[in-house]
Amino acid sequence: MDATSDQSQALLARQPIFDHQQRVIAYELLYGEDHHLDAMAQADPDAESSSELLLHAYTSISDQGEIKRVPAFIQVNPQMILDGNVPALPPKQVVLCIRLADPKNMELLRAVHRMVKEGYRFALTDFEFSPEYDTALKLAKIVKIDVGEKSADELAELAAQLSPYKSTILASNISQFDTLENCIETGCKLFQGSFLSKPKVVKGRKISTNQIAMMQLIQELQKPNTTPEKLEDLIIRDPILTYKLLRIVNSAAYSLVRQVESVAQAVVLLGMEQVRKWASLIAMSSNNEKPEELTRILLTRGHMCEMIAETEKLPNPSGYFMVGMMSGLHAMLDIDQETLLEQLPLGEDIKQALARGEGPMGKILNQVIAYESGDWDLLPSDFDVSLFEAAYRHSLKWTKEAMQAMYED
């Protein structure tokens, strides 16, 4: 794909919102200061269609073998609500987030009430409780609370203040698992933050023999002089990988004339690049204790790193895929990254990129992480917006299709 072909110049990313089981129930859409979703939609003569396509691209996922869409939380300027200029968005697919600078602004509250009657849902953001929010809390059933600097007692007090309103509390800025557990105990129902990228470190934990074997396979896949026979020797050591790889190559996605019965055949037919990606995907999805969203994030990140490397004609783009994918492997395995890098058979360039963000791989990895996190101010001023936006959106689609293929017969 020519990633530079999309000239929308839109800084747009998504951040997951979880339930207490860490399953994704929605995504918050993050967009740059000068690229608001509402402004982009209004600039398009076919705004409704444009908004719908945009929502579908960012909220459609493969969830445990089922393709589904989840709602999008979208920050909307209150003035647009007052002016009646909110883009035509499907009510069931969005939650409109507003910051009320003046909770007594009855003109705004009446406009919100009209939209609620039309089926729209609202969330209050940057929220600190005050009795003045009484009317607003009756209209907006979701309240977003930044718990980053709140103590357990402060959060419990706020939950008690909101309880008469039957408000659903969305706890945001959760950076650690113990904070997540505290929010659940307090009665919060929705959760958002970087906690998923952190390992629950267990002292002395080592990578299992099966996991090391998988990493050895991925390492072998990167070698330009490897052969189908060498790969078969590594793959057949893992019965689950062998079964899933043969099932994938024989699936409807490849429409082969005859059944493939050996791993070596599968390697020849799929090609090194496809086998590498499928092996990576199977490795990532094999840990049933971790939420699927972590797999989604890492595969999207890996594919985006690779696409950017390919477009910029950097050597060894498949290495960039590995760097992106493995940037969160320590969280997947619940082991600190330093110990992980000591135990895994990885090239020095990949290790340097992961440990210190060094080299071309480290540079692209850091830029991709900044983009997906909405930290666009961390990107160089001359970065290629079109390339990153197109690569990100294409990677979301690729990840959804790849994860879905894991479940298809």
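Residues numbered from 1 in each chain as written. Predicted model: local features only at pLDDT ≥ 70, side-chain atom pairs only at ≥ 80, totals over all residues. Heavy atoms only, no water.

**Some points on the overall build of the protein chain**
Inference 1: From N to C terminus, the protein chain includes 19 helices and 10 strands.
Inference 2: Looking at the 409 residues of the protein chain, the share that counts as buried comes to 49%.
Inference 3: A fraction of 64% describes how many contacts in the protein chain between residues 6 or more apart in sequence connect residues 24 or more apart.
Inference 4: Total accessible area on the protein chain is roughly 19400 Å²; 49% of this is exposed by carbon and sulfur atoms. (Helix = DSSP H or I, 4+ residues; strand = E, 2+ residues; numbered from the N terminus. Buried < 20%, exposed > 50% of the residue type's maximum accessible area, 1.4 Å probe, protein only. Contact = heavy atoms within 4.5 Å. Areas by Shrake-Rupley, 256 points an atom, 1.4 Å probe, with all protein chains shown as cover.)

**Considering the pairing of strand β5 (residues 72-75)**
Inference 1: With 2 bridges connecting them, strand β2 (residues 24-31) and β5 associate as parallel partners. Bridge assignment links tyrosine 27 to a residue of β5, and that residue is alanine 72.
Inference 2: Strand direction decides the pairing type here: β5 and strand β6 (residues 94-98), joined by 4 bridges, are parallel. Within β6, the residue paired with alanine 72 across the bridge is valine 94.
Inference 3: Taken together, β5, helix α3 (residues 78-83) and β6 form a β-α-β motif whose crossover is right-handed. (Pairing = 2+ DSSP bridges. Right-handed = clockwise from strand over helix to strand, strands pointing away.)

**Quick word on the state of the cysteines**
Inference 1: Evaluation of the coordinates by the stated rule reveals 0 disulfides.
Inference 2: Here cysteine 183 stays free of any disulfide, with the sulfur of cysteine 188 as its closest cysteine sulfur at 4.7 Å. (Disulfide = S-S within 2.5 Å.)

**A few points about the pattern of salt bridges**
Inference 1: The final tally for this structure, using the stated rule, is 15 salt bridges.
Inference 2: Residue arginine 237 is joined to aspartate 233 by a salt bridge in which the shortest nitrogen-to-oxygen separation is 3.2 Å.
Inference 3: In this structure, a network of salt bridges that share partners links the residues Arg23, Asp63, Lys68, Glu292, Glu293 and Arg296. (Salt bridge = Lys/Arg side-chain N within 4 Å of Asp/Glu carboxyl O.)

**Quick look at the confidence of the model for the protein chain**
A low pLDDT means the predicted coordinates there should not be read in detail.
Inference 1: Overall, the prediction assigns the protein chain a mean pLDDT of 84, with 89% of residues at 70 or greater.
Inference 2: Here helix α1 (residues 37-43) stands out as the element of the protein chain with the lowest mean pLDDT, 49, in contrast to strand β10 (residues 190-191), whose mean of 97 is the highest.
Inference 3: The model gives residues 1-8 a pLDDT under 50, and that stretch makes 17 contacts with residues more than four places away or in other chains.
Inference 4: This model gives residues 42-48 a pLDDT under 50, and the stretch forms 5 contacts once residues within four places in sequence are excluded. (pLDDT = per-residue confidence, 0-100.)

**Some points on helix α4 (residues 106-117)**
Inference 1: Over its 12 residues, α4 runs 16 Å from end to end, which matches the ideal 16 Å to within 8%, given 1.5 Å per residue.
Inference 2: Those residues of α4 hidden inside the fold are in contact with α3, β6, β7 (121-124) and α5 (134-139).
Inference 3: The N-terminus of α4 is capped by asparagine 105, whose side-chain oxygen sits 3.3 Å from the backbone nitrogen of glutamate 107.
Inference 4: Positioned one or two residues after α4, glycine 119 has a phi angle of 105 degrees, which is positive. (Expected span 1.5 Å × (residues − 1). Polar contact = N/O pair within 3.5 Å; in protein donor to acceptor, adjacent residues only side chain to side chain.)

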